[in-house]
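# Structural overview
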Amino acid sequence: MSGLEDVKHVIPVLSGKGGVGKSTVTAALAVALWSMGYRVGVLDIDLTGPSVPGIFGMADSHVHAAPDGWVPVFVDREQRLGLMSLGFLLGSKADAVIWRGPKKTAMIKQFIEDVIWGDLDVLLVDTPPGTSDEHISMAENLVAARVDGAVVVTTPQAVSLLDVRKELDFCKKVDLPVLGIVENMSGYVCPHCADCTNIFSTGGGEALAKEYNLHFLARLPIEPELTKILDSGNVARMLDEPDQCATLMRCATLQRAI
Ligand code: ADP
């Protein structure tokens, strides 16, 4: 059956700005939950810049249309980690999506109602940055259906934190609960001397969480190995040995916090 009826938890991942690691946190969370035995779905509603297919190394896959709806693209043999993204429906990876609001709204509605998610423990929703048509449509369709709450990702700099405030205001206005804040790219630990350099400052996400009385879920450092894995779409390959990547597993702390 298509839709969210058999999905236990729905968790959108939001950020005020682009490039702060929202898709990274979504992917890390998906792998961490998967490696704990859960059935996980990742819905990518970043319609103009879908990055989920590439991160999971599934950019050449296509969605199969069954009589009941769209079948997600599964990353693993057991079919416990399924993905859905506009990237799977485009003719070419370089195709630009130039859509006005109503078309975006219709697409997101279809992603929520017409995908055969089946029996999932968690559906993570990767969103575009900001508070655009996609967010409004997600809020209308998901908040009305049922959503547990959002994970908000920020980097520690003031400019990113300012946009997170707008994101939190958006959540309040559309009645979307916030599970907590993740501070990404929070320092770089030198592999040689173990010294931590706070390239983008540090602590801003935690301070914001305190100010808004929200959970501070995790502080994730800059991890060059992680960039390599994500940029080469190697996440899918890691599923065979998830313990290999310490950074992705660190996101398990996120899972416990949620
Ligand atoms: P967003 O979804 O917010 O636009 P991404 O998750 O695509 O951001 O991340 C932007 C870039 O930064 C990607 O190349 C990603 O691999 C890299 N990145 C994100 N978080 C980290 C991190 N903690 N360590 C190293 N690279 C990171």
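Residues numbered from 1 in each chain as written. Predicted model: local features only at pLDDT ≥ 70, side-chain atom pairs only at ≥ 80, totals over all residues.

### Let's talk about the sheet that holds strand β12 (residues 216–219)
For clarity, the cut-off: In short, DSSP must find at least two bridges between two strands for them to pair. We count a stretch as a helix when DSSP gives it H or I for four or more residues in a row; a strand needs E for two or more, and each element gets its number in order from the N terminus. Once C-beta atoms have been placed from the backbone, residue pairs whose C-beta atoms lie within 7 Å are recorded as contacts. With axes taken as lines fitted to C-alpha atoms, and helix axes fitted only over the stretch in contact, angles between N-to-C directions fall between 0 and 180 degrees.
As summarised here, the arrangement of the eight strands in space is β5-β6-β2-β7-β1-β8-β9-β12, forming an open sheet in which the pairing is mixed. Looking along the sheet, the strands with just one partner apiece sit at the ends: β5 (73–74) and β12. Across the sheet, helix α1 (residues 22–35) is in contact with β1 (7–15), β2 (40–44), β6 (81–85), β7 (120–126), β8 (150–154) and β9 (178–183); its angle to β7 comes to roughly 170°. Packing of helix α6 (residues 204–211) onto the sheet brings it into contact with β8, β9 and β12, and relative to β9 it is tilted by some 155°.

### Let's talk about the site of the ligand
Threshold: Nearness here is judged by the C-beta atom: place it from the backbone, and if it falls within 6 Å of a molecule or strand, the residue counts as near that partner. Each residue is assigned to one class: nonpolar for Ala, Val, Leu, Ile, Met, Phe, Trp, Tyr, Cys and Pro, charged for Asp, Glu, Lys and Arg, and polar for all the others, Gly among them.
Taken together, 18 residues are adjacent to the ligand, and Gly21, Lys22, Ser23, Thr24 and Thr227 come closest. Per element, the largest residue contribution to the shell around the ligand is four residues, and it comes from helix α7 (residues 224–231). Of the residues belonging to the shell around the ligand, the class tally is six nonpolar, nine polar and three charged.

### Focus on the nonpolar core
Where we set the bar: A set of buried Ala, Val, Leu, Ile, Met, Phe, Trp, Tyr and Cys residues, joined to one another through C-beta atoms within 7 Å, is what we call a nonpolar core. Buried, partly exposed and exposed are defined by the number of other C-beta atoms within 10 Å of a residue's own C-beta, namely 20 or more, between the two limits, and 12 or fewer respectively, with C-beta atoms placed from the backbone.
Counting 66 residues, the largest nonpolar core has Ala30, Val40, Leu123, Leu124, Val151 and Val152 as its most contacted members. Of all the elements, α1 adds the most residues to this core, at nine residues. Residue contacts for Leu123: discarding those within four places in its chain leaves Leu4, Val7, Val10, Gly41, Leu43 and Trp117.

### Description of unusual backbone geometry
Positive phi, normally seen in glycine, also occurs at Gln79, with a value near 60°. The phi dihedral of Met185 is positive, around 55°, even though this residue is not glycine. Within the element layout of this structure, Met185 appears in the loop between β9 and β10 (188–189).

### Quick look at the environment of Gly57
Within the secondary structure, Gly57 sits in the loop between α2 (52–55) and β3 (64–66). Measuring from C-alpha to C-alpha, the distance between Gly57 and Asn234 comes to 5.8 Å, with 177 residues separating the pair along the chain. Apart from the residues within four sequence positions on either side, Gly57 is in contact with Gly233, Asn234, Val235, Ala236 and Arg237.

### Thoughts on the UniProt feature "binding site: ATP" (unreviewed entry) in the protein
The condition that has to hold: UniProt positions are given in the numbering used here, feature names are shortened, and annotations may be inferred rather than shown by experiment.
Residues annotated by UniProt as "binding site: ATP" (unreviewed entry) correspond here to Gly16, Lys17, Gly18, Gly19, Val20, Gly21, Lys22 and Ser23. Topologically, Gly18 is positioned in the loop between β1 and α1. The contact partners of Gly21, leaving out residues within four places of it in the chain, are Val153, Asn184 and Met185.

### Comments concerning α7
Test applied: In this description, the arc belongs to the directions extending from the helix axis to the C-beta atoms.
Those residues of α7 lying buried are Leu226, Ile229 and Leu230. On an axial view of α7, the arc spanned by its buried residues comes to 95°, and they lie on one face. Across from the buried face of α7, at angles greater than 90 degrees, the exposed residues are Pro224, Thr227, Lys228 and Asp231.

### Description of the UniProt feature "binding site: [4Fe-4S] cluster" (unreviewed entry) in the protein
In this structure's numbering, the residues bearing the UniProt feature "binding site: [4Fe-4S] cluster" (unreviewed entry) are Cys190 and Cys193. Relative to the elements of secondary structure, Cys193 occurs in the loop between β10 and β11 (196–197).

### A word on the pairing of β6
Judged by how many residues are buried, β6 sits mostly within the fold: five of five residues are covered. Alternating positions in β6 separate into two faces, Leu81, Leu83 and Ser85 on one and Gly82 and Met84 on the other, with burial throughout. Across five bridges, the pairing between β2 and β6 is parallel. Residue pairing in the sheet places Val42 in a bridge with Leu83 of β6. Count of turn residues in the β5/β6 antiparallel hairpin: six residues, of which Gln79 carries a positive phi of about 60°.

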